[in-house]
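Topology and contacts: notes
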Amino acid sequence: MTSRNRYTVAVAPEVDWDAQAAAFDDEPDHGLRDPEVRAAWSDRLRAWLPGHPADVLDLGCGTGSLSLLAAEQGHRVTGVDRSPAMVERARTKLAGRTAQILCGDAAAPPVAPQCFDVVLVRHVLWALPDPAGVLRHWRGLLRPGGRFVLVEGVWGTLAPVGVPAARLTAHLAPLTRDVRVERLSADSLLWGKDVDDERYAVLATV
């Protein structure tokens, strides 16, 4: 555990993601079923991703909601998730798009090195036991000049879980340049509700 202000941030508990798959999209920021929530995420991705068609690796893609938005914006998307049930739903969601969805470990995805312009990750690093080591591996998947787009946060008050922004930027500092943090907690449209915990995106170029 690592100190965060006056409390500790715990390691994420083990989750059965196959069991979670059927109801996963019920959360507003997962399924993006509300047009306003969907538009908010689409606008953010448009600002974060390259302005030209790029190869985007969506790690821990879940049911593929962000992968779909990226594909709709003209990017070539590879999604990876370790849950076969999530992968099945993502493949259905991405059918007919320029995308492939692979079943594999997001920490060590089954892809070749230096084949991607973007590593896109939302709410995955918090669940991994060695974020620093994982980031080093992911850096090797990016082409020169590629970028990280990492959406993370800290949730809960009594027993918070997550990755504080300061810790994530410290992990990225030796691996990247132009590291920038965008605070997202105040943008209630992204979450479909008001939130008072730490939510943010880190953007960094390699």
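These figures come from a predicted structure and were not determined experimentally. (Residues numbered from 1 in each chain as written. Predicted model: local features only at pLDDT ≥ 70, side-chain atom pairs only at ≥ 80, totals over all residues. Heavy atoms only, no water.)

**Let's talk about the nonpolar core**
- Core analysis: the largest hydrophobic core is formed by 31 residues, its most contacted members being Leu125, Leu135, Trp138, Phe148, Leu150 and Leu168.
- Only strand E3 (55-59), strand E6 (116-122), helix H6 (131-139), strand E7 (142-155), helix H7 (165-172) and strand E10 (198-205) provide two or more residues apiece to this core.
- The element that contributes the greatest number of residues to this core is E7, accounting for four residues.
- By size, the runner-up hydrophobic cluster in this structure holds 29 residues, among which are Val37, Leu45, Leu94 and Trp191. (Core = buried A, V, L, I, M, F, W, Y, C linked by side-chain atoms within 4.5 Å. Buried < 20%, exposed > 50% of the residue type's maximum accessible area, 1.4 Å probe, protein only. Helix = DSSP H or I, 4+ residues; strand = E, 2+ residues; numbered from the N terminus.)

**Things to note about the packing of H6 against H7**
- With their axes 9 Å apart at the nearest point, H6 and H7 run at an angle of 45 degrees to one another. Between H6 and H7, the interaxial angle falls into the category oblique. Remark: the crossing between H6 and H7 carries right-handed chirality. On H7, the residues touching Pro131, Ala132 and Leu135 of H6 are Leu168, His171 and Leu172.
- Tallied by class, the residues present in the contact of H6 with H7 amount to five nonpolar, one polar and no charged. (Axes fitted to C-alpha atoms, helices over the stretch in contact; angles between N-to-C directions. Parallel < 35°, antiparallel > 145°, perpendicular 65-115°, else oblique. Left-handed = near helix turned anticlockwise from the far one by under 90°. Contact = heavy atoms within 4.5 Å. Nonpolar A, V, L, I, M, F, W, Y, C, P; charged D, E, K, R; others polar.)

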